[in-house]
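Descriptive structure summary
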Amino acid sequence: MSPSVSGRTKWIALALLCTCQVLAMTLWFSASAVVGSLSIEYPLSPVQVSLFTSAVQIGFVVGTLTSAALGLADRIDPQRFFMVSALVASLANAGILLLDPTAASVPAMRFVTGICMAGIYPVGMKIASTWARGDMGLMVGLLVGALTFGSATPHLINAFGGLDWRLTILATSICAVAAGLLINLVAIGPKRAAAPPFSPTLALKAWTVRAVRFANLGYLGHMWELYAMWAWVAVFLEASFLVRMAAEPAAFYARIATFATVASGAAGCLGAGLLADRWGRTGVTMVALGISGSCCLAAGFFFGRGPLLVTLFCVVWGVAIVADSAQFSASIAELSDPSIVGTMLTVQTSMGFLLTMITIHLIPYLVDLVSWRYAFAFLAIGPAMGILAMKKLRGMDASLKLANGNR
């Protein structure tokens, strides 16, 4: 195969993979777009509303822990694993249409959907890594960037009144089916390694291999901040806008600003991917962590100021807060044995999402305690710890495996 043909195959495969990832992950993204309509039509308690979203996250943690323990991401053909996961998730999601939305079985269906995400998100990153040729950061960055933009779309939908929840459930189920079928057209790259024999200790290499451990600690510092900010920035923005305008326009413009904040992260993922492949992963991640951590501390100074100024601040924060995400995954792919990359990426995402369940639920208590002016400052602990971990990794000989020796 000529270099030009190989290059075309690579970018076609990556474009298809990004499409499949976003189509399948709509099952997760749509949760925040649906709960508003459901709450109006059915007498859902606050616990039921929260479970519609959190059950997916809990399921994802359970699914990734199980996958990592069994080494599924490396021992099962990635296309088949992705396909089966997407199809089962679509059935679980569509099953909600046959149930009473107030029934306990609905969170159970969302839980199953979350479990299936373990065969989609980390597996997609593994497939992308098989195509990397000195551009691992860009490969994974494009994938995470696409998912970041997908995460932002429910906020735009909500700003303009949302969608009928039945239509949303049906449409996202169809999208997941399409993803499960399209993944079979995604070619696997030349860097695919032979599957390792089963060993229950494989997942432990995420901690026993020193360089991998510090890359994971950097990722955990990043995740300490990311989802707590994403989950609560809409409420922060609306409370801030209410200082300067009436309730109705404050709610509308806060949703638009939240979409801009989260969606801007896609540009951060792409830019960081290009820079990290040339200048080094540890340096780019430390800069991104430094900027986002500073934004945690500065958020209170912007609260209540002009809506445009607050929005611009949050967009800068939105770019920085997720710019480093793909680079931690790229680091794991480069530092790990090629035969267990899928398992190592699964362990990483499992630990990260487990941590987010703590910080997401801490923010409301902090708001009650110190108000929105200071609540986000608590999140700066994560970036600070992440910078220390990546600085430690940068000093190791193993870091020469990163970004073509650029650390």
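What you see is a predicted model; the values in this text were computed from it and never measured.

1. Re the overall build of the chain
Along the chain, the regular secondary structure elements total 19 helices and zero strands. The C-alpha atoms of the chain give a radius of gyration of 20 Å, which matches the 22 Å a tight globule of 407 residues would have. Structurally, the chain occupies a C-alpha span of about 60 × 50 × 40 Å along its principal axes. Here the chain holds 407 residues, and the buried ones make up 55% of them. Counted over contacts in the chain with a minimum sequence separation of 6, partners at least 24 positions apart contribute 85%. Entry remark: accessible area of the chain is about 16100 Å², with carbon and sulfur atoms responsible for 71%. Placing the 24 positive and 15 negative side-chain charges of the chain at their respective mean positions leaves the two points 11 Å apart.

2. A word on helix H7 (residues 121-129)
Counting buried positions along H7 yields nine of nine residues, so the element is predominantly enclosed. Among the residues of H7, Tyr121, Pro122, Val123, Gly124, Met125, Lys126, Ile127, Ala128 and Ser129 are the ones counted as buried.

3. With respect to the packing of helix H14 (residues 281-302) against helix H19 (residues 381-394)
To describe two helices that pack against each other, one gives the angle between their axes and the distance between the axes. Their axes nearest at 9 Å, the elements H14 and H19 cross at an angle of 165°. The angle between H14 and H19 falls in the class roughly antiparallel. In terms of crossing hand, the pair formed by H14 and H19 is left-handed. Every residue of H19 that contacts H14 at Thr282, Gly283, Thr285, Met286, Leu289, Gly290, Ser292 and Gly293 is listed here: Pro383, Gly386, Ile387, Met390, Lys391, Leu393 and Arg394. When its residues are assigned to classes, the contact of H14 with H19 shows six nonpolar, seven polar and two charged.

4. Describing the side chain of Thr359
Residue position: Thr359 is located in helix H17 (residues 341-370). On the accessibility criterion, Thr359 (0% relative accessible area) is buried. A polar contact of 3.3 Å, which involves the side chain of Thr359, links it to the backbone oxygen of Trp224. Those residues in contact with Thr359 that sit more than four places away from it in its chain are Met223, Trp224, Ala228 and Leu379.

5. Looking at the packing of aromatic side chains
Counting across every chain of the model gives 17 aromatic pairs. Pairing Tyr219 with Phe328 gives two aromatic rings, centres 6.2 Å apart and planes at 70°, and the pair type is edge-to-face. Of this pair, Tyr219 sits in helix H11 (residues 210-241) while Phe328 sits in helix H16 (residues 325-335), and the two are 109 residues apart along the sequence. Residue class for Phe328 comes out buried when judged on its relative accessible area of 0%. One aromatic cluster is present, built from ring pairs that chain together Phe236, Phe302, Phe303, Phe313, Trp317, Trp372 and Phe376.

6. Quick word on the nonpolar core
Core analysis: the largest hydrophobic core is formed by 107 residues, its most contacted members being Phe82, Phe236, Leu237, Trp317 and Leu393. In terms of residue count, the dominant contributor to this core is H11 (16 residues). Setting aside chain neighbours within four positions, we find Phe82 in contact with Cys20, Gln21, Ala24, Gly119, Ile120, Val123, Ala179 and Ile183. The next biggest cluster of nonpolar side chains, apart from the first, holds ten residues, and it includes Val35, Val106, Trp165 and Ile169.

7. What to know about unusual backbone geometry
The backbone of Ser371 shows a phi angle near 75°, a positive value even though the residue is not glycine. With respect to the helices, strands and loops of the structure, Ser371 is situated in the loop between H17 and helix H18 (372-375).

8. Details of the pattern of salt bridges
Considering all chains together, one arrives at six salt bridges under this definition. In this structure, Lys10 engages Asp135 in a salt bridge whose closest nitrogen and oxygen atoms are separated by 2.6 Å. Note that Lys10 is positioned in helix H1 (residues 3-29) and Asp135 in the loop between H7 and helix H8 (136-159), a separation of 125 residues in sequence. An identical accessibility class is assigned to Lys10 and Asp135; each is buried. We note a salt bridge from Arg281 to Asp277, for which the minimum N-O separation is 2.9 Å. Asp277 matches Arg281 in its accessibility class, with the two residues each being buried. Residues joined in a network through salt bridges with shared partners are Glu41, Asp164 and Arg166.

9. A closer look at the packing of H11 against helix H12 (residues 247-263)
With their axes 8 Å apart at the nearest point, H11 and H12 run at an angle of 145° to one another. Crossing angle aside, the handedness with which H11 passes H12 is right-handed. For the pair H11 and H12, the contacting residues are Met229, Trp230, Val233, Ala234, Leu237, Glu238 and Phe241 in the first and Ala250, Ala251, Tyr253, Ala254, Ala257, Thr258, Thr261 and Val262 in the second. Counted by class, the contact of H11 with H12 contains twelve nonpolar, two polar and one charged residues.

Cut-off values and rules
Residues numbered from 1 in each chain as written. Predicted model: local features only at pLDDT ≥ 70, side-chain atom pairs only at ≥ 80, totals over all residues. Heavy atoms only, no water. Helix = DSSP H or I, 4+ residues; strand = E, 2+ residues; numbered from the N terminus. Rg over C-alpha atoms; globule rule 2.2 N^0.38 Å. Buried < 20%, exposed > 50% of the residue type's maximum accessible area, 1.4 Å probe, protein only. Contact = heavy atoms within 4.5 Å. Areas by Shrake-Rupley, 256 points an atom, 1.4 Å probe, with all protein chains shown as cover. Lys, Arg positive; Asp, Glu negative; His and termini not counted. Charge placed at Lys NZ, Arg CZ, Asp CG, Glu CD. Axes fitted to C-alpha atoms, helices over the stretch in contact; angles between N-to-C directions. Parallel < 35°, antiparallel > 145°, perpendicular 65-115°, else oblique. Left-handed = near helix turned anticlockwise from the far one by under 90°. Nonpolar A, V, L, I, M, F, W, Y, C, P; charged D, E, K, R; others polar. Polar contact = N/O pair within 3.5 Å; in protein donor to acceptor, adjacent residues only side chain to side chain. Phe/Tyr/Trp six-rings, centres within 6.5 Å; stacked < 30°, edge-to-face > 60°. Core = buried A, V, L, I, M, F, W, Y, C linked by side-chain atoms within 4.5 Å. Salt bridge = Lys/Arg side-chain N within 4 Å of Asp/Glu carboxyl O.

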